[in-house]
Each structure stands twice: as C-alpha cells, then as structure tokens.
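Understanding the architecture of this molecule
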Amino acid sequence: MSANHQSPLTTTCRFRYRGYTQNNGVREFAFEDTAEQKNTHPVVFDVDVQLPIEHHVHFQDAPRLCLLLLSGNPLTAGACEGTAVRIVVSDGDLTELLAKAEAVRSGKKHARSL
C-alpha cells in the first residue's frame, strides 16, 4: 500500500465494520460500503497477527486503525465505485496509522483510546 496518495473518498461512501476472521496467522478485518441503499462492496484489510504485537497494539484497536486507513485513501475508493478491495497492511502502514491515530487522539481533550 502506498502512503503517497491522499485524495479523499467520495462523500457518499459510508463504511460499516463487519467483523474479522483469522486464517493462517492473518486477521482479515472486513468493512462494507452501505451508502444510499446500494449493494455492499467489501474492503478487507489483511493484518499479520504479529504486527499488532510488535507495535504493542491491542487487537480490539485494529478495526479503528483500519477505519482511519479508509478515511481519505484512494486505494479504498474502489469500494465506493462497486469494486471489492483487499489491502495487505504492512509494518510501515501500521507505523503510519499509529502516528495518524496519535494525531487524532492529541486533537481531543479526553481521548481514552484510538
């Protein structure tokens, strides 16, 4: 995944977290676009189970981090256009997401979690 693209998603794209599955050491966090009563289109994030451990991230925070990745990322825009999207989250992606989450948290007075 490239971090150099920063264009926003269309305003009609809304995502709902659908849960996760785990296969062969990879957790798949699934979201779907549910805007305007149209068919849903999945966005799935593949996260190696070792990444959160190495970065001292609780697994229950992973969906929030993925949601941050959905915000303004052109790689997920395909879901808004009717295409399923799968993204493999790398070590660099997680580092970047944690920095973004910290920036969001710093902007709030009484933030408790990501």
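The structure this text deals with has already been given above.
So, about empty space enclosed by the protein. Tallied over the entire structure, the rule returns 1 cavity of 30 Å³ or more. Here the largest cavity defines a volume of roughly 70 Å³. For the largest cavity, the full set of lining residues is V47, P52, V57, A62, L65, C66, V89, L94 and L97. Broken down by element, the residue count for the lining of the largest cavity peaks at 3 residues, all from helix α2 (residues 62-70).

Another point: the packing of aromatic side chains. This structure, assessed with the given rule, holds 3 aromatic pairs. Aromatic pair Y20 and F29: ring centres 5.8 Å apart, planes at 40°, arrangement tilted. Overall, Y20 belongs to the partly exposed group, its relative accessible area being 44%. Residue classification places F29 among the buried residues on the basis of a relative accessible area of 2%. Measuring from centroid to centroid gives 5.8 Å for F31 and F45, while their planes differ by 90°, and the two rings are edge-to-face. Of this pair, F31 sits in strand β2 (residues 26-33) while F45 sits in strand β3 (residues 42-48), and the two are 14 residues apart along the sequence. Accessibility assignment for this pair places F31 and F45 in one class, buried.

Cut-offs applied
Residues numbered from 1 in each chain as written. Predicted model: local features only at pLDDT ≥ 70, side-chain atom pairs only at ≥ 80, totals over all residues. Heavy atoms only, no water. 1 Å grid on protein atoms, 1.4 Å probe; cavity = no way out; pocket = protein on both sides within 12 Å on 5 of 7 lines; lining within 4 Å. Points joined across faces, edges and corners; volume = space filled by probe spheres on them. Helix = DSSP H or I, 4+ residues; strand = E, 2+ residues; numbered from the N terminus. Phe/Tyr/Trp six-rings, centres within 6.5 Å; stacked < 30°, edge-to-face > 60°. Buried < 20%, exposed > 50% of the residue type's maximum accessible area, 1.4 Å probe, protein only.

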